[in-house]
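Structure at a glance
One letter stands for each residue in the lines below.
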Amino acid sequence: MNRIPDNWLEESLRYYGCLVCHALSRIEFDLLAELQGLGEGSALVEVKAGRRIGFCNLHFWRLYRMMSPRVAAPFLHKIFKRLIESNTMTFDEPCRVCMILNEVDKELLHQLIEQLENLKIREHYERTDGICLPHFHRLLTSDLVTVEMRNFLTSKQTENGERLLPLLQGLADKSYSLANDLERGSLTRGVEKLVGREGLG
């Protein structure tokens, strides 16, 4: 898939949190930047044979926040004009950004499993937070993982949870201002581990 950088795993291995969510958020940002750069000529607002490509609430707001008023005004103008001309004031198609990211997500998981066959990459993976529970669940319910890989991923998930417990307890036992950086970071790492990166998992 051409939207996925060749070095996505290498870059993600240096990050706290879900490796797949990290790569996906970078790809989402690049996609939205590309779309806002297209401005009023964006293919996302073209009406073809009465069908529109829609936006979900999350991605439309993210896209809007990336735009300057000089870009946002003609972009919104074109969308409303097209909707009025088609005599329909609604998007009747799924969000194109979501559709692209869903395909990218599947490919990232596929590539992750392929690359974890390499023992050197597996050693690096063991020193990270691994993946969030939603991505873990997707892998376990797919046909991508062998029994050996399933056992490896499961033990890594358990180990990561056990590593977070004392950090969260340390933060619970003291004032936030007295907590160390690892304890403070354990909050967002814990949430991301459970549900994935905000808006992505």
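Everything in this summary refers to the structure shown in the same document.

How each quantity is defined
- Residues numbered from 1 in each chain as written.
- Predicted model: local features only at pLDDT ≥ 70, side-chain atom pairs only at ≥ 80, totals over all residues.
- Heavy atoms only, no water.
- Helix = DSSP H or I, 4+ residues; strand = E, 2+ residues; numbered from the N terminus.
- Buried < 20%, exposed > 50% of the residue type's maximum accessible area, 1.4 Å probe, protein only.
- Contact = heavy atoms within 4.5 Å.
- Areas by Shrake-Rupley, 256 points an atom, 1.4 Å probe, with all protein chains shown as cover.
- Arc of directions from axis to C-beta.
- Polar contact = N/O pair within 3.5 Å; in protein donor to acceptor, adjacent residues only side chain to side chain.

1. Here we look at the overall build of the chain
Within the chain, the secondary structure is distributed over nine helices and zero strands. In the chain, the succession of α and β elements from N to C terminus is α-α-α-α-α-α-α-α-α. Here the chain holds 201 residues, and the buried ones make up 39% of them. Sequence-distant contacts in the chain: of pairs separated by 6 or more residues, those separated by 24 or more amount to 73%. For the chain, the computed accessible surface area is about 11,600 Å², with 56% contributed by carbon and sulfur atoms.

2. What about helix α6 (residues 119-126)?
Within the span of α6, buried status applies to Ile121, Arg122 and Tyr125. Taken end-on, α6 shows its buried residues confined to a sector of 100°, consistent with a single buried face. Facing away from the buried side of α6 by over 90 degrees, the exposed positions are Leu119 and Lys120. One side-chain oxygen of the residue at the start of α6 lies 2.8 Å from the amide nitrogen of Lys120, identifying that residue as Asn118.

From the geometry alone we can't say anything about function, so treat these as descriptive.
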